[in-house]
Amino acid sequence: MRARIVQPGWSFEYVMWIFTRISGLALILLAVFGVTGALIMGARTQMDLPTLMRWSFFPYPNHVVSSNIPDVAVGWATAYWQIMQMLIIFFAVSHAYNGLRVVLEDFIGQSFSKPMLRGLILLLWMFSLIVAVYVILAS
Amino acid sequence: MALNRKVGFFQGLKYQGGGPMLSWMLHRITGLGILAFVGLHVISSFFMQQTGSNLAAFINTIYEHWAFQIFVAFFVLFHALNGLRIAILDIWPKFLTYQREALWLQFSIFVPVYGLTVFFLIQHSLAGG
């Protein structure tokens, strides 16, 4: 059976559908960047799994400081890695809250609680992003 | 737009969706799981740093324990690989003909990588690291 070809309009759901794919791929790419940076900066022998996760998903000096790498803050506290952290946080937080919205809306359906839920998730999303940018810049 | 389902959870499990259905379910479960424990980790780290809370430090100790890391590794790795498969199939819909093979490919990557991770986690913990 051949699928019917439908030209989708740029609805909210369609944009978020595309965004989920792009942000997912971007997160995998950024995780690879983080691990590569860690390996270049001397993590070859001291890496355990929690450390690997920290470097993959939030390469931030105060976050990786409990690992055994000496002078970890020197290599990571640069504008390059701060931009990387902000990209990771933006993609991860948006991907996560959108996923939560999709799953919850599958269960609640069309009712009064739907706009309430969207508003709540929008507030949580903005709050998380602001806190994350503050944490990254204040380090 | 939600459908009005009158099907229970265990009744739904009997639906013969096979691998794609199960990976769809696992994708949702692992996604919500990652959101839950990363959110909890962020909140507990905040309180550990700002107020020196013992409860928050305890939560973070559990979070970094090797036994918990086995679950975290499963959730993150499965969600990443399954999401990669979904994204690739959505970008090139021609490959949807081979979606069962794609699922096999995904698991043939997932099983050795996750197996090695679990092996090293347990070996590390037995060695007293």
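Up top is the structure.
Residues numbered from 1 in each chain as written. Chains lettered and ligands numbered in written order. Predicted model: local features only at pLDDT ≥ 70, side-chain atom pairs only at ≥ 80, totals over all residues. Heavy atoms only, no water.

Trainee: Describe the overall build of chain A, and please don't skip the residues or the numbers.
Mentor: In terms of helices and strands, chain A carries six helices and zero strands. Reading the secondary structure of chain A in the N-to-C direction produces α-α-α-α-α-α. The buried share of chain A, reckoned over its 139 residues, is 37%. Restricting to contacts in chain A with at least 6 residues of sequence separation, those with at least 24 account for 63%. When the accessible area of chain A is evaluated, it comes to approximately 8,500 Å², of which 73% is carbon and sulfur surface. (Helix = DSSP H or I, 4+ residues; strand = E, 2+ residues; numbered from the N terminus. Buried < 20%, exposed > 50% of the residue type's maximum accessible area, 1.4 Å probe, protein only. Contact = heavy atoms within 4.5 Å. Areas by Shrake-Rupley, 256 points an atom, 1.4 Å probe, with all protein chains shown as cover.)

Trainee: Pulling in residues and values, what's your account of the interface of chain A and chain B?
Mentor: Taken together, the contact pairs 21 residues of chain A with 22 residues of chain B. For chain A, the biggest contributors to the area lost against chain B are Arg-21, Leu-49 and Asp-106 of chain A; these three give 27% of the whole. Linking chain A with chain B are two salt bridges. Across the pair Asp-106 of chain A and Arg-28 of chain B runs a salt bridge whose closest N-O atoms are separated by 2.9 Å. At the surface where chain A touches chain B, the tally comes to two residue pairs in polar contact (both at pLDDT 80 or more). Going through the elements one at a time, helix H1 (12-40), helix H2 (49-57), helix H3 (61-64) and helix H5 (79-108) of chain A are the ones with two or more residues in the side of chain A that touches chain B. (Buried area = accessible area lost by both parts, 1.4 Å probe. Salt bridge = Lys/Arg side-chain N within 4 Å of Asp/Glu carboxyl O. Polar contact = N/O pair within 3.5 Å; in protein donor to acceptor, adjacent residues only side chain to side chain.)

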